[in-house]
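# Observations on chain architecture
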Amino acid sequence: MAEKRVRYQNRIELLQGTLDLLILQTLQWGPQHVYGISVAISNRSGEILQADTGSLYPALHRLEKQKWIAAEWKVSENKQRAKYYRLTATGKKQLTRERSKWSQLTDAIAGVLQPGEK
């Protein structure tokens, strides 16, 4: 129980725009429904990042509107109807751009935090 409390306290608030990057990256691994996206983000981040459905749905609608992802209804592993999202060709290009911007951002932050190490 104490370990879960520490993990919760160590969660990191996502920077504006990073949720889009995480969703696009998650869908790069294959089509997924909302719960699957949430679990993938949590698992891949060592349970530090949590993307709840309340923040995922608006982001998914925004990405769908931009044609970076597409959705279709399918039956899930639990025999429930679920909307599955997949990355489009445009979304793959956007993912490349987003990853490049993320790299620039992390390099810039590292330059401020650790001056002279570059």
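In case you missed it, the structure is sitting above this.
Below: a short report on this structure. Source: prediction; values computed, not measured.

Counting its regular elements, the chain contains 5 helices and 3 strands. Reading the chain from its N terminus to its C terminus gives the helix and strand order α-α-β-α-α-β-β-α. Counting every position in the chain, which comprises 118 residues, the buried fraction comes to 31%. Contacts spanning at least 24 positions in sequence make up 50% of the contacts within the chain whose residues lie at least 6 apart. Surface summary for the chain: the accessible area is close to 8400 Å², and the carbon and sulfur share equals 52%.

Note on pairing: side chains with opposite charge can pair once their charged atoms come close. Applying the stated criterion to the full structure yields 2 salt bridges. In this structure, R62 engages D20 in a salt bridge whose closest nitrogen and oxygen atoms are separated by 2.5 Å. Taken as a pair, R62 in helix α4 (residues 53–65) and D20 in helix α2 (residues 18–28) lie far apart in primary sequence, 42 residues in all. R62 gets classed as partly exposed once you look at its relative accessible area, which sits at 39%. Owing to a relative accessible area of 11%, D20 belongs among the buried residues under this scheme. Between E98 and K101 there is a salt bridge; the shortest N-O distance is 3.3 Å. A residue pair is termed a helical-turn pair when its members lie 3 or 4 positions apart in one helix, as E98 and K101 do in helix α5 (residues 89–113) at 3 residues.

What follows is about α4. Look at α4: 18 Å from first C-alpha to last across 13 residues, which is about the 18 Å you get at 1.5 Å a residue. For α4, the set of buried residues is L56, A59, L60 and L63. The arc that holds every buried residue of α4, seen down its axis, measures 105°, which confines them to one face. Of the exposed residues in α4, those oriented more than 90 degrees away from the buried face are G54 and K65. On its buried face, α4 is in contact with α2, α3 (34–44), β2 (69–75) and β3 (81–87).

Rules of the game
Within each chain, residue numbers correspond to sequence positions counted from 1 in written order. Reporting of local features is limited, given that this is a predicted model, to residues whose pLDDT is at least 70; pairs of side-chain atoms are given and counted only at 80 or more, and all residues count toward the totals for whole chains, interfaces and linings. The basis for every side-chain value is the complete set of non-hydrogen atoms in the structure, without hydrogens or water. Only DSSP runs of H or I with at least four residues qualify as helices, and only runs of E with at least two residues qualify as strands; both kinds are numbered from the N terminus onward. Here the term buried applies to any residue with accessible area under 20% of the maximum for its type, exposed to any over 50%, and partly exposed to those in between, with areas from a 1.4 Å probe on protein chains only. Contact definition: two residues touch when any of their heavy atoms are within 4.5 Å. Every accessible area reported is derived by Shrake-Rupley at a probe size of 1.4 Å, with residue values counting cover from the shown protein chains alone. Salt bridge, as applied in this entry: a Lys or Arg side-chain nitrogen positioned within 4 Å of an Asp or Glu carboxyl oxygen. Here the expected span of a helix is defined as 1.5 Å times the quantity of residues minus one. Here the arc refers to the set of directions running from the helix axis out to each C-beta atom.

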